[in-house]
Amino acid sequence: MSGQLSRVGLAGAFLGIALGLSPVVNAQDDGQQASAEIRRTRFGVPHIRAQDERGLGYGIGYAYAQDNLCLLANEIVTVNAQRSRYFGPEQVTVEERENRVSDLFFSWLNTPQAVSAFWQAQTPQVQQLVEGYVAGYNRALVERKVKGLPEQCASEWVRPITALDLVKLTRRLLVEGGVGQFAEALAGAQPPQATALTDAPVAGFATAATRQQRFALERGSNALAIGSERSFNGRGMLLANPHFPWVGGMRFYQMHLTIPGKLDVMGAALPGLPMINIGFSQHLAWTHTVDSSKHFTLYRLQLDPKDPTRYLLDGKSVPMTQQTVAVDVKQPDGQVQTISRVVYGSQFGPIVQWPGRLDWDNRFAYSLRDANLDNDRVLSQWYAMNKAVTLKDLQEAVHKIQGIPWVNTLAVDDQGQSLYMNVSVVPNVDADKLARCSDPRAGLKLIVLDGARSECAWDIDSNAVQKGTYAADKLPQLLRRDYVQNSNDSAWMVNPSHPLSGYSPLISQQGQPLGLRARFALDRMGKLAKNGPVKVEDLQRMVMDDQVYLADQVMPDLLGVCAGDLGGDASALVEACASLKAWDRKAGLNSGLGFVHFQHIMDRLQAVPDSWRVAFDPKDPQHTPRGLAIERPAVLKAVRDAMLASVEAVKVAGLSKDSQWQDVQVASSGSRQTPIHGGPGELGIYNAIQSVPGANGKLEVVSGTSYLQVVTFDGKGPQAQGLLAFSLSSDPASPYSADQTQAFSQKQWSVLPFTEQQIKADPYYQALIIRERDEAGRVATQ
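Residues numbered from 1 in each chain as written. Predicted model: local features only at pLDDT ≥ 70, side-chain atom pairs only at ≥ 80, totals over all residues. Heavy atoms only, no water.

As recorded in an unreviewed UniProt entry, the protein goes by the name Acylase, listed as coming from Pseudomonas ogarae. The UniProt entry for the protein carries this comment under Subcellular location (unreviewed entry): "Periplasm". (UniProt positions renumbered as here; feature names shortened; annotations may be inferred.)

Now the structure itself:
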């Protein structure tokens, strides 16, 4: 193989990938050849350039497989319902879902008919991107097999992929905000007296309930879009701070995509997607936050007294549909046995059964209708956003396609406009229909409509792109010159100067308490207004300050308890009180033991009724609720009990009075552990980090701040800084598996090279050209 490295930085690792290339698999019969140039800069970030969509997808799939081959291969097994076949039925997925439940769910979701219909609905450009991605991934797989697969996936379940595999991944993404949260309930639903598949779902439902509660935290986000009236140079500024999983099929990948004269966009994408989800281009920058809208509704079915597999609709008995799903299950002796079960459904969707919440007895059953099951526009949507030249282009693309599944969009442009849109796929159920068709005692957390009346079906709006959903012009949007912000709350307070209200409760609810991250953002914007225009470092500090906003609301009261008469508990609480007093009220690496105590205390106080001194006031949502009502005996006792429990928990954890947060929370890559700052978003920490008990008494990060970008503009285009907090590669052997994690730990933002000059000037620059059907790639000598 001829050719030489253009730069020496990190050349050894990259050259090892480039050598010994083999013929590509799945070459096209029509003679079309894809080619792509992959340039890597600091942290291995790939800048992929091609002349057309197929070539671009080819480069994306190839680069992604170099960095995350095992991750994608594992997700392909999942969405093809083959986990039980390869890993056994009782093992669990990354999401802590039993393999058998996962397989039954994906066997139901990804039927050949549904997958084929989705593929046929794609534009030629999207199909070419996907087909190119497949060819690029498969080429990298062949090359890696020659060298030997990574240890974590050196097994028979790693195989070449197809375009339909990526469709299945996309459909999995679509239902994350809906029926995907009910996999256990769908897989376990059986008529009364029917033999249950397994007793395991009872335990699984507890995990599923926790997973539902954590959804907005683990797939949440902060976003702040600054307009000309507040920015330092009169142009737009964007802070993107999505909180997504650090492992598995929702782990972001950083890249830059270019088709000369047609596309030039940089940012981050989810696995298997050949386009940018959150990013920036020459004149625009945008991000997403998980919205608070409802993307599914439940229907309570009134059953036929003679047969619990029939339901009454407008007084007539209607049979439930029955779909048989089959799963291959590995037996203890290694043999594979096929099991099957029936998934029942109504005209509203599949039957779901959740013990104690959604029971299927002889009177009622519950059916779930997910709007995103009919959303085949999501890939075209993001690709149109990638190609948008102006903010108007982006907004019109979202209105026309309406393919965004379950997130808000916040964007800015180089003209100083800031835009908020909650234009996602929302069931068309207005407040009047909700009043007529639901039981008000059920509340609004889960929308349960009357399945006995066809009039309770979703309304049809001829202006909506998808039947049964709201048209784009009926959804919240706000264009401002000062700012818009969102941290997973409703549209109500994206800018307090212009409250957004009057929408269906399924779209947005006003008059509800704001999350503490949103209150922090509004508070910080108020303080910054006193200091002049907003600067880049101001947006970076919002994340990196690691301020615990809740501490400002309650710490005076906690310290007041410590200063008061502690009675017989005084000796036990003296060190805890000292730690709380010394704590800097941050979630920084050097923050002391007081932060651990604070978390324990506040976690226990959540269950205490009327613990706030000042209750929530919808007329003052930015500053209420606040304060602990320690003057009430019950609250005072609860605080003391929480402190005592924390002292015991700290003792069990083996922490000392000198312990710091960096001794507790870490991210692991192989044997390397990196201390991570940040903490639970429910405490008002903008740098939201979720962690779970791990090895050696540490807390292991599983989700939170993921892809960070701050984008501004000048006369030359975008000026961006960012980080991928968990690093580019999920392979512990890769040089790109922990480098950005260490930079994140040290709060060191990186310039994101966008122009040709910036890319080629990067000291880690290296380039590779790959062509389909070539027996070898060649390293560019530019």
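Don't stop here, the text continues.
Caption draft 1: Structural view of the confidence of the model for the protein. Chain-level pLDDT for the protein is 92 on average; 92% of the residues reach the 70-or-more range. This model gives residues 1–31 a pLDDT under 50, and the stretch forms 74 contacts once residues within four places in sequence are excluded. The low-confidence segment residues 775–782 (pLDDT under 50) makes 32 contacts with residues lying over four places distant or belonging to another chain. (pLDDT = per-residue confidence, 0-100. Contact = heavy atoms within 4.5 Å.)

Caption draft 2: Expanded view of the pattern of salt bridges. Evaluation of the coordinates by the stated rule reveals 30 salt bridges. Lys 262 serves as the salt-bridge partner of Glu 53, at 2.5 Å between the closest nitrogen and oxygen. Pair noted here: Glu 53 is in helix α2 (residues 53–79) and Lys 262 is in the loop between β5 (253–259) and β6 (263–269), with a separation of 209 residues, a long-range link. A salt bridge links Arg 613 to Glu 631; the shortest N-O distance between them is 3.1 Å. Note that Arg 613 is positioned in strand β21 (residues 612–614) and Glu 631 in the loop between β22 (626–628) and α18 (633–653), a separation of 18 residues in sequence. Through salt bridges with shared partners, a single network forms among Glu 37, Arg 39, Arg 49, Glu 756 and Lys 760. (Salt bridge = Lys/Arg side-chain N within 4 Å of Asp/Glu carboxyl O. Helix = DSSP H or I, 4+ residues; strand = E, 2+ residues; numbered from the N terminus.)

Caption draft 3: The arrangement of helix α16 (residues 570–582) in detail. When the terminal C-alpha atoms of α16 are compared, their 18 Å separation across 13 residues agrees well with the 18 Å that a helix rising 1.5 Å per residue should span. By the burial criterion, the buried members of α16 are Leu 573, Ala 576, Cys 577, Ser 579 and Leu 580. (Expected span 1.5 Å × (residues − 1). Buried < 20%, exposed > 50% of the residue type's maximum accessible area, 1.4 Å probe, protein only.)

Caption draft 4: How the structure looks around the pairing of strand β1 (residues 35–40). A large share of β1 lies buried, amounting to 5 of its 6 residues. In this structure, β1 lies alongside strand β30 (residues 766–771), joined through 6 bridges in antiparallel fashion. Opposite Arg 40, over in β30, you have Gln 766 as the bridge partner. Summarising the sheet, β1 and strand β2 (residues 46–49) pair through 4 bridges and their orientation is antiparallel. By the bridge assignment, Arg 40 is partnered in β2 with Pro 46. Following β1, the chain reverses through 5 residues before pairing antiparallel with β2; Phe 43 in that reversal takes a positive phi of roughly 70 degrees. (Pairing = 2+ DSSP bridges.)

Caption draft 5: Spotlight on the environment of Leu 69. One can find Leu 69 in helix α2. On the basis of relative accessibility, which here comes to 5%, the residue Leu 69 falls in the buried class. Separated by 52 residues in sequence, Leu 69 and Ala 121 place their C-alpha atoms 28 Å apart. The residues contacting Leu 69, other than those within four sequence positions of it, are Tyr 64, Tyr 137, Leu 141, Leu 149, Pro 150, Cys 153 and Val 158.

Caption draft 6: Representation of the state of the cysteines. Summed over all chains, the structure comprises 3 disulfides. The side chain of Cys 70 participates in a disulfide bridge whose partner is Cys 153; the two sulfur atoms lie 2.0 Å from each other. When the S-S torsion is -60 degrees, as for the bridge of Cys 70 with Cys 153, the disulfide is left-handed. Here the residue Cys 70 occupies a position in helix α2, and Cys 153 occupies one in the loop between α6 (124–147) and α7 (163–174), the gap between them amounting to 83 residues. The same class applies to Cys 70 and to Cys 153, which are both buried. A sulfur-sulfur separation of 2.1 Å characterises the disulfide bridge that pairs Cys 562 with Cys 577. Of note, the bridge from Cys 562 to Cys 577 carries an S-S torsion of about -85 degrees and is left-handed in sense. Here Cys 562, found in helix α15 (residues 549–563), pairs with Cys 577, found in helix α16; they are 15 residues apart in sequence, far enough to count as distant. Neither Cys 562 nor Cys 577 differs from the other in exposure class; each is buried. (Disulfide = S-S within 2.5 Å.)

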